[in-house]
Amino acid sequence: ADSKKDEASPYNPTPLERQCITEFLEDFRNGWQTMQLPRPEFNDMSLYQRYVNDMLSFNTYQENDGNPAMEDRLGGWRSTAMRPVQRTKAISIAAHMTARQLVPKVFAYDEEDNDQEDSAKVMSYLVDWAREQANYPFMALYRTIMSLYSPISWGYSEYSETYRNENDGTNQDGTPKFKQVKDEAKSCFKHIPLACDQVYFSDFYTRDCQDQDFIIYRRVMSLDRAKAEFPEAQYPNMQYVHGGVIVTVDDANRSYYHVYDPHMRKYDVEVLIKWRKSKDSKEIMVNGVLISKPYDANPRQDHQYPFDAFYYLPINERCIAGKSLVDRKSVV
């Protein structure tokens, strides 16, 4: 990564790509502000601060190492141990809620409202198969638990085709030879729980996530995993992506440079995926490099965001976030 630090980047986007990158970064900046702005609904905490605070409460976090303060002459003898009451109650509630959601009941009727048992059975078998493929019991449990310690429980749904390298002998120079094969076990419909700080959106006061102007999904992964998920054959601009190094533009001369990112390890990359309703687009940026086509079309046939969101307790009729269980002071 050091050899790439503060060097001119060979990445030279087209004018359309530059325009797309500018709009992408503007949306990300607005989403970050939405995440960090203090809200009266959270007692002047931001959405991110509320998420972190509730998560610490759920994990019975202690601020120090347990040693009493030196000046505390009267209360220094008291134990700082914490009873995990909130965590125990939250997990108990999650278990009861999840147990009622694991196996959905399917009913089928024809146009005359006659019961169609055979059709219902076939659909039930398909639902069970999809549920097993997506590991739905695990995902449902964690989505429920997340709503108990987070202001928003986000879910991301997609059909994933995953490929892996399979050893196929050796090359003439003795190096291993690989071929790409489809991983049947991991190529299926997936539903992924997302942490509250992974999803950026436009407006805190738009309750339905499908009505947001844009939604950005952020995650950090290894460079090797990113190359497997976004192969150069399909995303040619991946050749400009390097671990631990972001590509940034200099406003003075509009040139692109490699800059070391102190918040990532040298073999990590930051992946940003943005969906926007007004342009019906889905764009992918990795370490500042736009690897998808500019304004690439949303692949979903319904043209919706692949996200859903819910919470434990509503704050009011317009907020996209709510009140988590551990935020309720009555839980003792």
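Just so it is clear, the structure is predicted and the values come from calculations on it, not from any experiment. (Residues numbered from 1 in each chain as written. Predicted model: local features only at pLDDT ≥ 70, side-chain atom pairs only at ≥ 80, totals over all residues. Heavy atoms only, no water.)

**Student:** Even after reading the chapter, I still don't get the overall build of the protein, so can you show me in this structure?
**Tutor:** Assigned secondary structure in the protein consists of six helices and 15 strands. Of all 332 residues assigned to the protein, the portion counted as buried reaches 37%. A separation threshold of at least 6 residues defines the contact pool for the protein, and within that pool the share at least 24 residues apart is 63%. Put simply, the protein shows about 20100 Å² of open surface, and 50% of that area lies on carbon and sulfur atoms. (Helix = DSSP H or I, 4+ residues; strand = E, 2+ residues; numbered from the N terminus. Buried < 20%, exposed > 50% of the residue type's maximum accessible area, 1.4 Å probe, protein only. Contact = heavy atoms within 4.5 Å. Areas by Shrake-Rupley, 256 points an atom, 1.4 Å probe, with all protein chains shown as cover.)

**Student:** Explanation requested: the side chain of N237 in the structure shown.
**Tutor:** Counting through the fold element by element, N237 comes out in the loop between α6 (223-229) and β8 (245-250). The class for N237 is buried, based on a relative accessible area of 15%. Looking at N237, its side chain comes within polar contact range of the main-chain oxygen of L290, at 2.8 Å. Those residues in contact with N237 that sit more than four places away from it in its chain are Y11, E17, V289, L290 and I291. (Polar contact = N/O pair within 3.5 Å; in protein donor to acceptor, adjacent residues only side chain to side chain.)

**Student:** Can you walk me through the packing of aromatic side chains in this structure?
**Tutor:** Centre-to-centre distance and the angle between the planes together describe a pair of aromatic rings. By the definition in use, this model includes 12 aromatic pairs. Aromatic side chains F204 and Y205 sit 5.1 Å apart centroid to centroid with 90° between the ring planes, which places their arrangement in the edge-to-face category. When its relative accessible area of 1% is taken as the criterion, F204 is described as buried. Judged by its relative accessible area of 26%, Y205 is partly exposed. Three or more aromatic residues joined by ring pairs make a cluster, and in this case those are W154, Y156, F201, Y217, W275 and F307. The residue whose ring lies beneath K277 is Y305, and the NZ or CZ to ring-centre distance is 4.5 Å. Residue placement shows R318 over the ring face of Y205; its charged tip is 4.2 Å from the ring centre. (Phe/Tyr/Trp six-rings, centres within 6.5 Å; stacked < 30°, edge-to-face > 60°. Lys NZ or Arg CZ within 6 Å of the ring centre and 35° of its normal.)

**Student:** How do you make sense of the pairing of strand β7 (residues 214-222) when you look at a structure like this?
**Tutor:** Taken residue by residue, a regular strand's side chains alternate between the two faces of the sheet. Inspection of the sheet shows strand β6 (residues 199-201) paired to β7 by three bridges, in the antiparallel sense. Bridge pairing links Y200 to I216 in β7. (Pairing = 2+ DSSP bridges.)

**Student:** Help me understand the sheet that holds β7, please; the structure alone is not making it clear to me.
**Tutor:** The strands making up a sheet are joined through hydrogen bonds of the backbone, oriented either antiparallel or parallel. With respect to topology, five strands assemble into an open sheet ordered β6-β7-β10-β11-β12, the strand pairing being antiparallel. Two strands close off the open sheet at either side, each with one partner strand: β6 and β12 (289-290). Across the sheet, helix α1 (residues 15-36) is in contact with β6, β7, β10 (268-276), β11 (281-286) and β12; its angle to β6 comes to roughly 100°. (Axes fitted to C-alpha atoms, helices over the stretch in contact; angles between N-to-C directions.)

**Student:** What is the right way to look at the sheet that holds strand β2 (residues 153-160) in this model?
**Tutor:** A sheet is described by the order of its strands in space; here three strands give the open sequence β5-β2-β13, paired in antiparallel fashion. Edge positions in the sheet fall to β5 (188-194) and β13 (307-310), since each of these pairs with one other strand and no more. Direction aside, neighbouring strands of the sheet carry axes that sit 20° apart on average.

**Student:** Before we go on, may I ask you to explain helix α2 (residues 47-58) in this structure?
**Tutor:** Here α2 spans 16 Å end to end across 12 residues, near enough to the 16 Å set by a 1.5 Å rise per residue. Those residues of α2 that fall on the buried side of the exposure criterion are L47, R50, Y51, D54 and F58. An end-on view of α2 places all buried positions within 100° of arc, on one side of the element. (Expected span 1.5 Å × (residues − 1). Arc of directions from axis to C-beta.)

**Student:** Which parts of the structure should I look at to understand the layout of surface pockets?
**Tutor:** By rolling a water-sized probe across the atoms, one finds the places where empty space is left. In this structure, the largest pocket occupies an estimated 1200 Å³ of space. Around the largest pocket, the lining comprises 38 residues; the ones closest to its centre are E158, S160, E161, E229 and F230. If you list the elements that add at least two residues to the lining of the largest pocket, you get β2, β5, β7, α6 and β11. Looking at the lining of the largest pocket residue by residue, the classes come out as 19 nonpolar, seven polar and 12 charged. In this structure, the second largest pocket encloses a volume near 650 Å³. (1 Å grid on protein atoms, 1.4 Å probe; cavity = no way out; pocket = protein on both sides within 12 Å on 5 of 7 lines; lining within 4 Å. Points joined across faces, edges and corners; volume = space filled by probe spheres on them. Nonpolar A, V, L, I, M, F, W, Y, C, P; charged D, E, K, R; others polar.)

**Student:** Quick question: what am I supposed to make of unusual backbone geometry here?
**Tutor:** Across residues other than glycine, the phi torsion is negative in most instances, and most of the peptide bonds are trans. We note that D44 has phi near 65°; this positive angle belongs to a residue other than glycine. Structurally, the position occupied by D44 is in the loop between α1 and α2. We note that D280 has phi near 50°; this positive angle belongs to a residue other than glycine. For D280, the position within the fold is in the loop between β10 and β11. Look at D280 and you get partly exposed, because its relative accessible area is 27%.

**Student:** Before we go on, may I ask you to explain empty space enclosed by the protein in this structure?
**Tutor:** Summed over the entire model, instances satisfying the criterion amount to one cavity of 30 Å³ or more. The calculated volume of the largest cavity comes to roughly 40 Å³. Counted by class, the lining of the largest cavity contains two nonpolar, three polar and three charged residues.

**Student:** How do you make sense of a nonpolar patch on the surface when you look at a structure like this?
**Tutor:** Taken together, the side chains of V122, M123 and L126 define a hydrophobic patch exposed on the protein surface, amounting to about 270 Å² of accessible area. Residue placement: M123 occurs in helix α4 (residues 117-133). (Patch = residues over 30% accessible without salt bridge, like charges linked within 9 Å, V, L, I, M, F, W, Y side chains within 5 Å. Salt bridge = Lys/Arg side-chain N within 4 Å of Asp/Glu carboxyl O.)

**Student:** Looking at this structure, I do not really get the environment of P38. What am I missing?
**Tutor:** The topology assignment puts P38 in the loop between α1 and α2. Taking the C-alpha atoms as reference points, P38 and R50, 12 residues apart in sequence, are found 9.5 Å from one another. The residues contacting P38, other than those within four sequence positions of it, are D44, M45 and S46.

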